[in-house]
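These are the residues of each chain, in order.
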Amino acid sequence: MKYLTFLFLLFAQPCFGQSKALSKVINNIDYHQDTVKAVYDWITNNIRYDIAKFKQVDKGENLYKKGNYKNVDEFRADQLEKVIKRKKGVCEDYTILFEAIMNALGYESFRISGITKGPKGKLNRSSGHSWIAIKDRGEWKLCDPTWGAGQVKDGKKFIQKYNPKWYNVDPEIMKERHYPFDPIWQLSDDPMTFNEFKKGAQLDDENPAFDFNAVIDNYMQKSDKERMTDELARMEATEDGEISLIRKRKKSLQSKISTNDIPSIIEQCRASANQFNEYILEGKNKGFRGDKWTLEYSKNTLIDIKAQIEESIVAFDNVKVKSAKAKKGFKKNIAQSKKLLQKVEEELEYLESKS
């Protein structure tokens, strides 16, 4: 029998190195006593809020889909280049730039997404917000460079006005107007629920002390899928689905958790194909006379391969994607898996006849 080769598509995740534009920004910053503060000062003084882009996003335009990017990493790299070149952006652009600079300087950071309130305590139900946490000398600092850069007047004009208030904000002050979807980023040993944030009052329910530092340290060591799974679990425990921003966030996490399984599913398919090809070359083609590929070993291996392939097919069917290209890729992977499954079943029947 000929050597059967089964190939499975893999959705690559390219890495983007430090660009010339980012290097130029880093070299232009005046690093005085506090490096993190120097970056905050540079961004808030040099980046203007992009009202036109905000209106695009607020109307529901999908900039990621519109730009036909290969993946989220490519999209964010492009947004980083644009905010540096144009010196303007929305809240996510401010934090993408902040994160890129801090990471290049060797700091640990995390971009936070959540819900905010206006100066008078009115909940912003229509659009989410992004701010950032940076670990400096062992402690996490909360910063909102967007609010630190100025304010939008009447939704039409951005007034750039540096505000140091939103640098290294006390967590208790921050959570008065900022509610992260994942409560660990309140940096509080007594995190608020969403309902408490909405009402502006925290109940004294004598919850056990919450060691957010230990939880965050553990969280930062986990894979993307584990992080999203943890965040979703914490959201379910502390937030309701009353407003669309929370519902959308939960739905997005559920979709990303599912999509995040793709590489491992494909690798399982490839491993199964490689094992089957080895069975053909080292077992069947050599008459099962070797020390390893005996009839009994071959049969047990094929049974395991069959179970792995069936599991992979079910997993592929459960992955939900919108991209037409991705759907086409999944169809090819499923077709390859079913073809391999048929071959495995034929070989199992053949081995039964040899017993």
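Residues numbered from 1 in each chain as written. Predicted model: local features only at pLDDT ≥ 70, side-chain atom pairs only at ≥ 80, totals over all residues. Heavy atoms only, no water.

A. Quick peek at the sheet that holds strand 4 (residues 129-136). Pairing within the open sheet is antiparallel, and its four strands lie in the order 5-4-3-8. Across the chains shown, the open sheet's two edge strands, defined by having one partner strand only, are strand 5 (139-143) and strand 8 (178-180). Neighbour-to-neighbour, the strand axes of this sheet turn through a mean angle of 40°, independent of strand direction. Sheet analysis places strand 4 next to strand 5, joined by five bridges and oriented antiparallel. Directly across from Ile 132, in strand 5, lies its bridge partner Cys 143. Contacting strand 3 (108-116), strand 4 and strand 5, helix 10 (residues 212-220) crosses the sheet at an angle of about 110° to strand 3. (Pairing = 2+ DSSP bridges. Helix = DSSP H or I, 4+ residues; strand = E, 2+ residues; numbered from the N terminus. Axes fitted to C-alpha atoms, helices over the stretch in contact; angles between N-to-C directions. Contact = heavy atoms within 4.5 Å.)

B. Looking closely at the confidence of the model for the protein. With 90% of its residues at a pLDDT of 70 or more, the protein shows a mean pLDDT of 86. Across residues 1-16 the pLDDT falls below 50, and counting only partners more than four positions away or on other chains, this stretch makes 48 contacts in the model. (pLDDT = per-residue confidence, 0-100.)

C. A look at the pattern of salt bridges. In the structure shown here, the tally under the stated rule is 20 salt bridges. For the salt bridge of Lys 286 with Glu 282, the shortest nitrogen-to-oxygen distance reads 2.9 Å. Residue classification places Lys 286 among the partly exposed positions, given a relative accessible area of 43%. One network of salt bridges, in which partners are shared, links Asp 34, Asp 136, Arg 137 and Lys 141. (Salt bridge = Lys/Arg side-chain N within 4 Å of Asp/Glu carboxyl O. Buried < 20%, exposed > 50% of the residue type's maximum accessible area, 1.4 Å probe, protein only.)

D. Representation of the pairing of strand 4 within the structure. Most of strand 4 sits inside the fold, with seven of its eight residues counted as buried. One ladder, built from seven bridges, connects strand 3 with strand 4; its direction is antiparallel. Among the inter-strand pairings, Ser 109 is bridged to a residue of strand 4, identified as Ile 134. Hairpin remark: strand 4 followed by strand 5, antiparallel, with two residues in the connecting loop; positive phi at Arg 137, about 55°.

E. Local environment of the side chain of Thr 44. As for its placement among the helices and strands, Thr 44 is situated in helix 2 (residues 35-46). A distance of 2.8 Å separates a polar side-chain atom of Thr 44 from the backbone oxygen of Tyr 40. If we ignore the near neighbours within four places in the chain, the residues touching Thr 44 are Pro 145, Gly 148, Ala 149, Gln 160 and Tyr 162. (Polar contact = N/O pair within 3.5 Å; in protein donor to acceptor, adjacent residues only side chain to side chain.)

F. Layout of the packing of helix 10 against helix 11 (residues 224-238). Contact geometry for helix 10 and helix 11: axes closest at 10 Å, N-to-C directions at 145°. When you trace helix 10 past helix 11, the crossing you get is left-handed. In this structure, helix 10 uses Val 215, Tyr 219 and Met 220 to contact helix 11, whose residues at the interface are Arg 227, Glu 231 and Arg 234. (Left-handed = near helix turned anticlockwise from the far one by under 90°.)

G. A look at the nonpolar core. One finds Ile 43, Leu 97, Phe 98, Ile 101 and Trp 185 to be the most contacted residues of the largest nonpolar core, which totals 47 residues. Among the elements that take part in this core, helix 6 (residues 91-104) stands out by supplying seven residues, more than any other. If near-sequence neighbours (up to four positions away) are discounted, Leu 97 is found in contact with Leu 22, Trp 42, Ile 43, Ile 47, Leu 80, Val 83 and Ile 84. (Core = buried A, V, L, I, M, F, W, Y, C linked by side-chain atoms within 4.5 Å.)

H. Representation of the side chain of His 178 in the model. With respect to the helices and strands, the residue His 178 is situated in strand 8. Polar side-chain contacts of His 178 include one of 2.8 Å to the side chain of Asp 144.

I. Examining unusual backbone geometry more closely. The phi dihedral of Leu 187 falls on the positive side, at around 50°, and the residue is not glycine. Its location among the elements puts Leu 187 in the loop between strand 8 and helix 9 (194-199). Even without glycine at this site, Phe 288 takes up a positive phi of about 55°. Tracing the backbone through its elements, the reader meets Phe 288 in the loop between helix 13 (262-283) and helix 14 (295-318).

J. Structural detail: the packing of aromatic side chains. Applying the stated criterion across every chain, the model contains 15 aromatic pairs. Ring centres of Tyr 49 and Phe 158 lie 6.3 Å apart, and the angle between their planes is 40°; on these two criteria the pair is classed as tilted. Of this pair, Tyr 49 sits in strand 1 (residues 48-49) while Phe 158 sits in strand 7 (residues 157-160), and the two are 109 residues apart along the sequence. On the accessibility criterion, Tyr 49 (15% relative accessible area) is buried. Note on Phe 158: relative accessible area 7%, which makes it buried. Measuring from centroid to centroid gives 5.2 Å for Trp 140 and Trp 185, while their planes differ by 80°, and the two rings are edge-to-face. Taken together, the residues Trp 140 in strand 5 and Trp 185 in the loop between strand 8 and helix 9 connect sequence positions 45 residues apart. (Phe/Tyr/Trp six-rings, centres within 6.5 Å; stacked < 30°, edge-to-face > 60°.)

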